[in-house]
Amino acid sequence: DLKSMIDTSGIHIKEFTIIASAVNTMVASISEREGTIAHNLDRIKTINGTLKENTRLARLERQKLVVILETIQDGVITVDSRGVVTYFNRAAELILAVDRHSVIGRHYEHFLPDLPLEKSPHGHLREFQTESPEGHTPLIITISPLRAESEESGYVMLMRDISRERKLDEFKADFISSLAHDIKSLLV
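Predicted model, so just to flag it, every value in this text is computed and none were measured.

## Side note on the overall build of the protein chain
And step 1. When you go through the protein chain residue by residue, the secondary structure sums to four helices and five strands.
And step 2. Counting from the amino terminus, the protein chain carries its helices and strands in the arrangement α-β-β-α-α-β-β-β-α.
And step 3. Looking at the protein chain as a whole, 24% of its 188 residues qualify as buried.
And step 4. Partitioning the intrachain contacts of the protein chain with sequence separation of at least 6 by distance along the chain shows that 32% fall at a separation of at least 24.

Structure follows, in structure tokens:
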């Protein structure tokens, strides 16, 4: 019983008094350690609860990010520092006409052979054309370094199909050209 102590006032033999004092000291020390252990267990439970909540919140945030990345119209590809694909969203799959499951884990040059990854602190823009059975698809690809904990860990490639913009530019140029021709004809 750690709550009871031996009363040494009624003991007259010196050796028994020393033993009783040692037992009392040991009981006090064990009680103190028990209190410390109980306090530490309470702290561990609190930390564990906080950790579970933070894990739940991180999981929700990750799910939100995945939903955002999967629903945007621009293609998003991430590669590690060696050029191995770590993420490939649905839009990139449609733009490049490549099955994402066959690409993840492989080097990006298998499906983008003419696209070099240049070391640039801010990233860079590059025009690129893909070859598909339907013809050429013009793309604007932004390549930016992916940093984690101030250490470069790969690249993010953001690609946008600009074929619609190109067609609009051609239409504008044709319209202006025909308008200019009509005005010249009228003036002549």
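## Overview of the pattern of salt bridges
And step 1. Counted according to the given criterion, the structure contains seven salt bridges.
And step 2. Linking Glu-70 and Arg-100 is a salt bridge whose minimum nitrogen-to-oxygen distance equals 3.0 Å. With Glu-70 in helix α1 (residues 14–71) and Arg-100 in helix α3 (residues 100–103), this residue pair connects regions lying 30 residues apart in the sequence.
And step 3. Under the relative-accessibility criterion, Arg-100 is labelled buried at 12%.
And step 4. By sharing partners, the salt bridges in this structure join Glu-70, Arg-90, Glu-93 and Arg-100 into a single network.

## Quick look at the environment of Ile-141
And step 1. Within the element layout of this structure, Ile-141 appears in strand β4 (residues 135–148).
And step 2. Among the residues examined, Ile-141 registers a relative accessible area of 0% and is labelled buried.
And step 3. For the pair Ile-141 and Val-76, spaced 65 residues apart in sequence, the C-alpha to C-alpha distance is 9.6 Å.

## Some words on a nonpolar patch on the surface
And step 1. A cluster of nonpolar side chains, contributed by Phe-171, Phe-175, Ile-176, Leu-179, Ile-183 and Leu-187, occupies part of the molecular surface with about 680 Å² of accessible area.
And step 2. Summarising the element assignment, Phe-175 is placed in helix α4 (residues 163–187).

## Observations concerning unusual backbone geometry
And step 1. Positive phi, close to 55°, is recorded for Ala-97, a residue that is not glycine.
And step 2. One can find Ala-97 in the loop between α2 (90–96) and α3.
And step 3. The class of Ala-97 is exposed, set by a relative accessible area of 59%.

## A short note on the pairing of strand β1 (residues 75–80)
And step 1. In terms of burial, β1 is a largely internal element, six of the six residues being buried.
And step 2. Of the two faces of β1, the one carrying Gly-75, Ile-77 and Val-79 and the one carrying Val-76, Thr-78 and Asp-80 are both buried.
And step 3. Relative to strand β2 (residues 85–88), β1 runs antiparallel, the two being bridged by three bridges. Bridge pairing links Ile-77 to Phe-88 in β2.

## So, the side chain of Asp-80
And step 1. Position of Asp-80 among the secondary structure elements: in strand β1.
And step 2. There is a polar contact of 2.9 Å between the side chain of Asp-80 and the backbone nitrogen of Val-84.
And step 3. Aside from chain neighbours lying at most four places away, what touches Asp-80 is Thr-86, Ser-153 and Gly-154.

Conventions adopted
- Residues numbered from 1 in each chain as written.
- Predicted model: local features only at pLDDT ≥ 70, side-chain atom pairs only at ≥ 80, totals over all residues.
- Heavy atoms only, no water.
- Helix = DSSP H or I, 4+ residues; strand = E, 2+ residues; numbered from the N terminus.
- Buried < 20%, exposed > 50% of the residue type's maximum accessible area, 1.4 Å probe, protein only.
- Contact = heavy atoms within 4.5 Å.
- Salt bridge = Lys/Arg side-chain N within 4 Å of Asp/Glu carboxyl O.
- Patch = residues over 30% accessible without salt bridge, like charges linked within 9 Å, V, L, I, M, F, W, Y side chains within 5 Å.
- Areas by Shrake-Rupley, 256 points an atom, 1.4 Å probe, with all protein chains shown as cover.
- Pairing = 2+ DSSP bridges.
- Polar contact = N/O pair within 3.5 Å; in protein donor to acceptor, adjacent residues only side chain to side chain.

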